[in-house]
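Here are the chains, one letter per residue:
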Amino acid sequence: MARLRVSTKLDATPDVVWADLADISSHVEWMRDAVAIRFTSDRQQGTGTSFDCDTKVGPFKLTDRMEITAWEPGAAMGVRHTGLVTGDGVIRLRKLRRGRTRLTWSERLVFPRRMGGPVGALAAAPVLWLVWRGSMRNLRDRFAAD
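Chemist: Please clarify how the overall build of the protein should be interpreted in this entry.
Modeler: When helices and strands are counted, the protein shows two helices and seven strands. Secondary structure elements of the protein occur, N-terminal to C-terminal, as β-α-β-β-β-β-β-β-α. Its C-alpha atoms give the protein a radius of gyration of 15 Å, near enough to 15 Å, the size a compact globule of 146 residues would have. The buried share among the 146 residues of the protein stands at 47%. Contacts spanning at least 24 positions in sequence make up 49% of the contacts within the protein whose residues lie at least 6 apart. Accessible surface for the protein amounts to roughly 8200 Å². Of this, 51% is attributable to carbon and sulfur atoms.

Dropping the structure here:
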């Protein structure tokens, strides 16, 4: 199992950050490993929303099947991975002083045997951490003052 956690401070209030995060289809604009999102449910926001996310890390590509499990506007969005790689994750927002937000993204991912199982997860964790740190930089840039 790979456990990952990244965090950043954003120059916007939690409500402003949430308004951006709530548009799930726009996550491909800042997530470095996300290539495309296709909704598989009628809804595109809220608990129960499901979608396929084509991901790519280096030469490795897969479709990550996900379902939103928590939807707390301005506070948290949870997800369950149900495809080849399984697990769960949550993005949490915390209000900081001066209209800023601390965003923390935590994931627990389980790799199947054909992807190396626990050894594959161990090898993938530092690579995924670097990719997600880059995603945090991209997200921070979306809220940077001009």
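Chemist: Just checking my understanding: could you explain the packing of aromatic side chains for this structure?
Modeler: Aromatic rings in a pair are described by how distant their centres are and how their planes are angled relative to each other. Throughout the structure, instances matching the rule amount to four aromatic pairs. On the numbers, 4.5 Å between centres and 20° between planes, the contact of Trp 105 with Trp 132 is stacked. Note that Trp 105 is positioned in strand E7 (residues 101–110) and Trp 132 in helix H2 (residues 117–142), a separation of 27 residues in sequence. In this pair, the class of Trp 105 matches that of Trp 132, namely buried.

Chemist: Looking at this structure, how should I read unusual backbone geometry?
Modeler: Trans is the common state for peptide bonds, and a negative phi is the common state for residues other than glycine. Positive phi outside glycine occurs at Arg 98, with the angle close to 60°. Residue placement: Arg 98 occurs in the loop between strand E6 (86–95) and E7. The exposure class assigned to Arg 98 is exposed, which follows from its relative accessible area of 80%.

Chemist: Which parts of the structure should I look at to understand the pairing of strand E1 (residues 2–10)?
Modeler: Along any regular strand, the residues point their side chains to alternate faces of the sheet. Of the two faces of E1, only the one carrying Ala 2, Leu 4, Val 6, Thr 8 and Leu 10 is buried; Arg 3, Arg 5, Ser 7 and Lys 9 on the other face are not. The pairing of E1 with E7 spans nine bridges and is classified as antiparallel. Looking across to E7, one finds that Lys 9 is bridged to Arg 102.

Chemist: I tried to follow H2 on my own but got confused; where do I start?
Modeler: Taking 1.5 Å per residue as the helical rise, H2 with its 26 residues ought to reach 38 Å, and the 35 Å between its terminal C-alpha atoms agrees with that figure. Roughly 35° is the biggest bend found in H2, and it falls at Ala 124, with proline Pro 126 one to four residues downstream. Buried within H2 are the following residues: Gly 117, Gly 120, Ala 121, Ala 124, Ala 125, Leu 128, Val 131, Trp 132, Gly 134, Ser 135, Met 136 and Leu 139.

Chemist: So what exactly am I meant to see when it comes to the environment of Asp 52 here?
Modeler: Relative to the assigned elements, Asp 52 resides in strand E3 (residues 50–57). As for Asp 52 and Gly 83, which are separated by 31 residues in sequence, their C-alpha atoms are 8.7 Å apart. Not counting residues within four places of it along the chain, the set of residues in contact with Asp 52 comprises Ala 36, Ile 37, Arg 38, Thr 40, Thr 63, Asp 64 and Arg 65. Within the local environment of Asp 52, its side chain forms a polar contact with the side chain of Arg 65, the two groups lying 3.5 Å apart.

Chemist: Sorry if this is basic, but what is going on with the confidence of the model for the protein here?
Modeler: Detailed reading of the predicted coordinates is not advisable wherever pLDDT is low. When pLDDT is averaged across the protein, the result is 94; 99% of the residues are at 70 or more. Per-residue pLDDT, averaged within each element of the protein, yields its smallest value for H2 (92) and its largest for strand E2 (residues 34–39) (98).

Chemist: For this particular structure, what's the right way to read the nonpolar core?
Modeler: A general tendency of soluble globular proteins is for nonpolar side chains to be buried together. Within the largest apolar cluster, 38 residues are counted, with the highest numbers of intra-cluster contacts made by Val 17, Leu 21, Trp 30, Leu 103, Trp 105 and Phe 111. Once residues within four sequence positions are removed from consideration, Trp 30 is found in contact with Asp 20, Leu 21, Ile 91, Trp 105, Ser 135, Met 136, Asn 138, Leu 139 and Arg 142.

Cut-offs used in this document
Residues numbered from 1 in each chain as written. Predicted model: local features only at pLDDT ≥ 70, side-chain atom pairs only at ≥ 80, totals over all residues. Heavy atoms only, no water. Helix = DSSP H or I, 4+ residues; strand = E, 2+ residues; numbered from the N terminus. Rg over C-alpha atoms; globule rule 2.2 N^0.38 Å. Buried < 20%, exposed > 50% of the residue type's maximum accessible area, 1.4 Å probe, protein only. Contact = heavy atoms within 4.5 Å. Areas by Shrake-Rupley, 256 points an atom, 1.4 Å probe, with all protein chains shown as cover. Phe/Tyr/Trp six-rings, centres within 6.5 Å; stacked < 30°, edge-to-face > 60°. Pairing = 2+ DSSP bridges. Expected span 1.5 Å × (residues − 1). Bend = angle between axes of the 7 residues up to and from the residue. Polar contact = N/O pair within 3.5 Å; in protein donor to acceptor, adjacent residues only side chain to side chain. pLDDT = per-residue confidence, 0-100. Core = buried A, V, L, I, M, F, W, Y, C linked by side-chain atoms within 4.5 Å.

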